[in-house]
Amino acid sequence: MRKRNLIIVSNRLPVTFRQVNGTLSLTPSSGGLVSALEGFLTSSKVKEQHGINKIIWIGSTESDERQWKQASRKISSHHFRYIPVFIGRELYDNYYDGF
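Residues numbered from 1 in each chain as written. Predicted model: local features only at pLDDT ≥ 70, side-chain atom pairs only at ≥ 80, totals over all residues. Heavy atoms only, no water.

J.: Just to check I follow, could you spell out the overall build of the protein chain for this structure?
T.: For the protein chain, the count of helices and strands is four helices and five strands. Seen along its three principal axes, the alpha-carbon backbone of the protein chain occupies a region of about 45 × 35 × 20 Å. Sorting the 99 residues of the protein chain into buried and exposed places 27% on the buried side. Of the roughly 6,900 Å² of accessible surface on the protein chain, a fraction of 51% belongs to carbon and sulfur atoms. For the protein chain, the centre of its 14 positive side-chain charges and the centre of its 8 negative side-chain charges are spaced 12 Å apart. (Helix = DSSP H or I, 4+ residues; strand = E, 2+ residues; numbered from the N terminus. Buried < 20%, exposed > 50% of the residue type's maximum accessible area, 1.4 Å probe, protein only. Areas by Shrake-Rupley, 256 points an atom, 1.4 Å probe, with all protein chains shown as cover. Lys, Arg positive; Asp, Glu negative; His and termini not counted. Charge placed at Lys NZ, Arg CZ, Asp CG, Glu CD.)

Structure follows, in C-alpha cells:
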C-alpha cells in the first residue's frame, strides 16, 4: 500500500503554548475535534491500516510567530506536524464574537 499524508485543517491547532514563569509550556488544546481524533490518529494500527505516513494539522494559534518559533522546539516528539496560521487577535475575536 502506498503511504500518504493525512492533512487536517481546523480552526485551532491541538496544542496551546502558555507563558509560565518566563518559559513557554505546551498544553493540549481543549475542544471536540482534537479530543476525538488524537487517540484514533495516534494509533499505529490506524496508520498502518490506512497507509498514513504523516499527519499534518493546520490551524490558528494564539501565539505570535516569535513565540511559535521558540516553543515549537518542544513539539518535535508529538504525533503530528503542525502548521500554524497566524491571525491577529482582533480579527479572531471578531470572527467569533463580532456577529
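J.: Would you explain the sheet that holds strand 4 (residues 52-60) in this entry?
T.: Paired through their backbone hydrogen bonds, the strands of a sheet run either parallel or antiparallel. Strand order in the open sheet made by the three strands is 1-4-5, with parallel pairing throughout. The open sheet has two edge strands, strand 1 (4-12) and strand 5 (81-85), and neither has a second partner. Within the sheet, the average angular offset between the axes of one strand and its neighbour, ignoring direction, is 20°. Bridge count between strand 4 and strand 5: five bridges; the pairing is parallel. Bridge pairing links W57 to Y82 in strand 5. Those strands touched by helix 1 (residues 32-41) are strand 1 and strand 4, and its axis lies near 160° from that of strand 1. (Pairing = 2+ DSSP bridges. Axes fitted to C-alpha atoms, helices over the stretch in contact; angles between N-to-C directions. Contact = heavy atoms within 4.5 Å.)

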